[in-house]
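What follows is the residue order along each chain.
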Amino acid sequence: MSVTPTDWLNEARRYAESSEEISLRTAVSRGYYAGYHRALEVSFLCPNPPPSPDKTEGVHASLIRRFDSAPKSLLGSALAREIGVYLTRGRARRVIADYELGKTVRANDARSSIRYAEQIDKRATELAEKHTR
């Protein structure tokens, strides 16, 4: 892999230093994708979720549902569900940043997106550690 989730997160941090809205939007998007790709790395630790009633569910919603539906019997299930929560929050901000151009994106949105990615990374590391002992 030539690019890692950490690279995406560092890029988000760099863009978040700007006061220009386009840079803040980019920071939100890159922050979300840092978390998304980090979650993807550990998603195999969660069993496949039940089939979605939504036949048009995309890959992002599917990944979130995989973490959200982690059974309590799964080692680290609370961590998995927390990853799902942070992905959901980050995705909501990313949708605004990437698609809702009439809405204002502020520095706080960029910081939140970065914080969500950091929390996903922390929990993903903890989840992986539980499965390597």
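Just above sits the structure.
Here is what the cut-offs are and how they apply
Residues numbered from 1 in each chain as written. Predicted model: local features only at pLDDT ≥ 70, side-chain atom pairs only at ≥ 80, totals over all residues. Heavy atoms only, no water. Axes fitted to C-alpha atoms, helices over the stretch in contact; angles between N-to-C directions. Helix = DSSP H or I, 4+ residues; strand = E, 2+ residues; numbered from the N terminus. Left-handed = near helix turned anticlockwise from the far one by under 90°. Contact = heavy atoms within 4.5 Å. Nonpolar A, V, L, I, M, F, W, Y, C, P; charged D, E, K, R; others polar. Polar contact = N/O pair within 3.5 Å; in protein donor to acceptor, adjacent residues only side chain to side chain. Salt bridge = Lys/Arg side-chain N within 4 Å of Asp/Glu carboxyl O. Buried < 20%, exposed > 50% of the residue type's maximum accessible area, 1.4 Å probe, protein only. Arc of directions from axis to C-beta. Core = buried A, V, L, I, M, F, W, Y, C linked by side-chain atoms within 4.5 Å.

> Tell me about the packing of helix α2 (residues 21-42) against helix α4 (residues 77-99), and please be specific about residues and values.
Where α2 contacts α4, the axes come no closer than 9 Å and their chain directions differ by 150°. Judged by the sense of rotation from one axis to the other, the crossing of α2 with α4 is left-handed. Side by side, α2 and α4 meet where R25, V28, S29, Y32, Y33, G35, Y36, A39 and V42 of the first sit next to I83, L87, G90, R91, R93, R94, I96, A97 and D98 of the second. Looking at the contact of α2 with α4 residue by residue, the class counts come to ten nonpolar, three polar and five charged.

> Tell me about the side chain of S113, residues and numbers included.
Position of S113 relative to the elements: it lies in helix α5 (residues 107-130). Only 3.3 Å separates the side chain of S113 from the backbone nitrogen of Y32, close enough to count as a polar contact. Leaving out residues up to four positions away in the same chain, S113 has contacts with A27, V28, G31, Y32 and R93.

> Break down the pattern of salt bridges for me, with residues and values.
Pairing between side chains of opposite charge can happen when the charged atoms of each approach one another. Enumeration according to the criterion identifies ten salt bridges in this entry. Its salt-bridge partner being E118, residue R13 comes within 2.7 Å of it at the nearest N-O pair. Here R13, found in helix α1 (residues 5-16), pairs with E118, found in helix α5; they are 105 residues apart in sequence, far enough to count as distant. Given a relative accessible area of 33%, R13 falls into the partly exposed group. A salt bridge links R94 to D98, with the shortest nitrogen-to-oxygen separation between them at 3.4 Å. Placement of both R94 and D98 in helix α4 is noted, with a separation of four residues, approximately one turn of the helix. Taking the relative accessible area as the measure of exposure, R94 reaches 5% and is therefore buried.

> With reference to specific residues and values, describe helix α3 (residues 59-68).
Taken together, the buried positions of α3 are occupied by H60, L63, I64, R66 and F67. Taken around the axis of α3, the buried residues stretch over an arc of 155°, which confines them to a single face. The inward-facing, buried residues of α3 abut α2, α4 and α5.

> Describe in detail the nonpolar core, supporting the description with residues and values.
In terms of nonpolar packing, the biggest core is built from 21 residues, with A39, V42, F67, A80, I83, L87 and L127 touching the most fellow members. Those elements giving two or more residues to this core turn out to be α2, α3, α4 and α5. Setting aside anything within four residues of it in sequence, one finds F67 in contact with A39, V42, S43, C46, A80, R81, I83, G84, L87 and L127. Formed by six residues, the second largest nonpolar core is a distinct cluster that contains L24, A27, V28 and V105.

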